[in-house]
Amino acid sequence: MKIYIIVGSIREGRTAIKVAKWVLEAIESFDYNTLETEIVDLKEWDLPVFAGSHPPITGIYDQPKQQQWAEKISEGDGFIFISPEYNHGYSPALKNALDYLGKEWQGKPAAYVGYGATNGSRSIDQLRQVGTYLGLIDSNATLEIRDIFKRNQTEQFEGNEAEIKILRSVIEKLINHAI
């Protein structure tokens, strides 16, 4: 099973990439022998604001970047979205990445890791709504990281014991919904 960890921020000095790397390392330490994980960084993908002539739900992708994104997402069996909370919602880069495609998201389980002013709860709520509309299976698997502003002072994010336990549960729910 291939799980993509989608980094939902493109800001300079962003926390999302640190959290994504921690999630990847933690999953690898759980030693699931049938799980392949990969970080998919929206900053590296540099998706321009969607301006295609066809709505993505049609499956007609007339932009090269959109076609490449569709190929990448099609290869994933499930997704963990790393989402900061921006102004009581999630980032525009993540919204754009979701809106780029249609059928590629459908029938695949999603899990959410959020952080920010309300531990990311509002960004996760909105992401779940949009994901459900796009046909993602809501695995009911979330991790809300507390006190991110106090804890994000180093080059690496370090999850605490409770977060590691919750993350393991998130992964198990994601796997169970993919079967």
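Note that the coordinates shown come from a computational prediction; the quantities given were computed from them, not determined experimentally.

Reading guide: rules and limits
- Along each chain, the written sequence defines residue order, and numbers are assigned to residues from 1.
- Only residues with pLDDT of at least 70 get local features here, since the model is predicted, and only at 80 or more are side-chain atom pairs given and counted; chain-wide, interface and lining totals rely on the full set of residues.
- Excluded from the side-chain calculations are hydrogens and water; all other atoms, namely the structure's heavy atoms, are used.
- pLDDT: the predictor's confidence for each residue, scored from 0 to 100.
- Put simply, DSSP marks the helices as runs of H or I at least four residues long and the strands as runs of E at least two long, and each gets a number from the N terminus on.
- Note on classification: 1.4 Å probe, protein chains only; a residue is buried when its accessible area is under 20% of the maximum for its type, exposed when over 50%, partly exposed between these limits.
- It only takes one pair of heavy atoms within 4.5 Å for two residues to be counted as in contact.
- Here a polar contact is recorded for every N or O atom pair within 3.5 Å, except that within protein the pair must consist of a potential hydrogen donor and a potential acceptor, and residues adjacent in sequence are included only if both atoms are side-chain atoms.
- We define a nonpolar core as any set of buried Ala, Val, Leu, Ile, Met, Phe, Trp, Tyr and Cys residues linked to one another through side-chain atoms lying within 4.5 Å.
- Here a pair means two rings of Phe, Tyr or Trp (six-membered ring of Trp) with centres within 6.5 Å. Their orientation is stacked below 30 degrees between planes, edge-to-face above 60, and tilted elsewhere.
- Think of it this way: DSSP has to see at least two bridges between two strands before they count as a pair.
- Under this scheme, a helix contributes an axis fitted over its contacting stretch, all axes are lines through C-alpha atoms, and angles between N-to-C directions fall in the 0 to 180 degree range.

## Section: the confidence of the model for the chain
Residues of the chain with pLDDT of at least 70 account for 99%, and the chain-wide mean is 93. Confidence, expressed as mean pLDDT per element, reaches its minimum in the chain at helix 6 (residues 148–151) with 79 and its maximum at strand 1 (residues 2–7) with 98.

## Examining unusual backbone geometry
Of note, the phi angle at N87 is positive, near 50°, even though the residue is not glycine. Assignment of secondary structure puts N87 in the loop between strand 3 (78–84) and helix 4 (92–99). Positive phi, normally seen in glycine, also occurs at N119, with a value near 60°. By the element assignment, N119 lies in the loop between strand 4 (109–115) and helix 5 (121–134). Under the relative-accessibility criterion, N119 is labelled buried at 17%.

## What to know about helix 4
Among the residues making up helix 4, those that are buried are A93, L94, N96, A97 and L98. Where helix 4 is buried, its residues contact strand 1, helix 2 (42–45), helix 3 (64–75), strand 3 and helix 5.

## Points about the environment of T118
By the secondary structure assignment, T118 is in the loop between strand 4 and helix 5. The class for T118 is partly exposed, based on a relative accessible area of 25%. For the pair T118 and R146, spaced 28 residues apart in the sequence, the C-alpha separation amounts to 8.0 Å. Once residues within four sequence positions are removed from consideration, T118 is found in contact with E85 and E144. Separated by 2.6 Å, the side chains of T118 and E85 make a polar contact.

## A look at the nonpolar core
Core analysis: the largest hydrophobic core is formed by 29 residues, its most contacted members being V23, I80, I82 and L167. Elements supplying a minimum of two residues to this core: strand 1, helix 1 (16–30), strand 3, strand 4, strand 5 (137–145) and helix 7 (161–178). Tallying contributions element by element places helix 1 first for this core, with ten residues. Ignoring anything within four residues of it in the chain, the contact list for I82 reads I5, I6, V7, G8, A16, V19, A20, V23, V113 and Y115.

## Examining the environment of A51
Within the element layout of this structure, A51 appears in the loop between helix 2 and helix 3. Sequence separation between A51 and G120 is 69 residues, and the spatial gap between their C-alpha atoms is 29 Å.

## Some words on the packing of aromatic side chains
Summed over the entire model, instances satisfying the criterion amount to nine aromatic pairs. Taking the centre distance of 6.3 Å and the plane angle of 40° together, the rings of Y4 and F79 count as tilted. Taken together, the residues span a long stretch of sequence, with Y4 in strand 1 and F79 in strand 3 at a distance of 75 residues. A residue is classified by how much of its surface remains accessible, and F79, at 0% relative accessible area, is buried. With a centroid separation of 6.0 Å and 35° between ring planes, the pair formed by F79 and F81 is classed as tilted. Owing to a relative accessible area of 1%, F81 belongs among the buried residues under this scheme.

## Observations regarding the sheet that holds strand 1
In spatial order, the strands read 2-1-3-4-5; together these five strands make up an open sheet with parallel pairing. Since the sheet does not close on itself, it has two edges, and those belong to strand 2 (36–41) and strand 5, each with one partner. Taken pair by pair, the neighbouring strands of this sheet meet at an average axis angle of 20°, ignoring direction. Taken strand by strand, helix 1 contacts strand 1, strand 2, strand 3, strand 4 and strand 5, and its axis lies near 175° from that of strand 2.

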